Amino acid sequence: MSASLEQDIFWMHRALELAKIAESQGEVPVGAVLVDDNGLIAEGWNQTIQSHDPTAHAEVVALRNAGQKIKNYRMPGLTLYVTLEPCPMCAGALIHGRISRLVIATEDPRTGAAGSLINLVQHPELNHDVEVEFGVLKDEASQLIKHFFKQKRMAAKAEKQIDKNE
């Protein structure tokens, strides 16, 4: 295994840990980690529900934390590891932040903006593009997302059944 792949797996494991924190808080389980060659810069997990903030996606939270730490909104040379493909809002933030590399565990065919539905992070008309890699710990991330939404559907069905019986 190459050192690069080993590093990708290491950081994606951390992103998965953060996704599990999001899940434990009732959020969609997505985690994100920003690193440079020296290690961790910042991290985040989905916090939209608890913060009442539609922009509090894991990627944006990580970018905000990184900006505060490095005292800059530009982040060239950084790699973002994320458990689910970024949406258009997050993809735009990665472009504006000049993130160099994006490593994604699993694609999002409904809202993915790094190649699944659309590809904003490598759009030829934009002023920056991001190197993208898919599939690091894909199965683990996919299962986490699928399990979360299955639980949500089961809870909604149980709630409907209770309402029906009342």
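Computed from a prediction, not measured in an experiment: that's the story for all the values here.

(A) Molecular detail of the side chain of His-128. With respect to the helices and strands, His-128 occurs in the loop between β4 (101–106) and β5 (131–134). When its relative accessible area of 17% is taken as the criterion, His-128 is described as buried. In terms of polar contacts, His-128 uses its side chain to reach the backbone carbonyl oxygen of Ile-99, at 2.8 Å. When sequence neighbours within four positions are dropped, the list of residues in contact with His-128 reads Leu-94, Ile-95, Arg-98, Ile-99 and Val-121.

(B) Fine view of the layout of surface pockets. Here the largest pocket is characterised by a volume of approximately 580 Å³. Surrounding the largest pocket, 23 residues form its lining, Val-28, Leu-84, Asp-108, Ile-145 and Phe-149 being those nearest its centre. Listed by contribution, the elements that provide at least two residues to the lining of the largest pocket are α2 (48–51), α3 (58–70) and α5 (138–165). Considered class by class, the residues forming the lining of the largest pocket number 10 nonpolar, 6 polar and 7 charged. Of the voids in this model, the second largest pocket is the one considered here, and its volume is about 160 Å³. Considering the residues around the second largest pocket, the lining is formed by Val-60, Leu-63, Arg-64, Gly-67, Asn-72, Tyr-73, Met-75, Ala-93, His-96 and Gly-97. For the lining of the second largest pocket, the secondary-structure elements that each account for two or more residues are α3 and α4 (88–96). Considering only residue class, the lining of the second largest pocket consists of 5 nonpolar, 4 polar and 1 charged.

Rules and cut-offs
Residues numbered from 1 in each chain as written. Predicted model: local features only at pLDDT ≥ 70, side-chain atom pairs only at ≥ 80, totals over all residues. Heavy atoms only, no water. Helix = DSSP H or I, 4+ residues; strand = E, 2+ residues; numbered from the N terminus. Buried < 20%, exposed > 50% of the residue type's maximum accessible area, 1.4 Å probe, protein only. Polar contact = N/O pair within 3.5 Å; in protein donor to acceptor, adjacent residues only side chain to side chain. Contact = heavy atoms within 4.5 Å. 1 Å grid on protein atoms, 1.4 Å probe; cavity = no way out; pocket = protein on both sides within 12 Å on 5 of 7 lines; lining within 4 Å. Points joined across faces, edges and corners; volume = space filled by probe spheres on them. Nonpolar A, V, L, I, M, F, W, Y, C, P; charged D, E, K, R; others polar.

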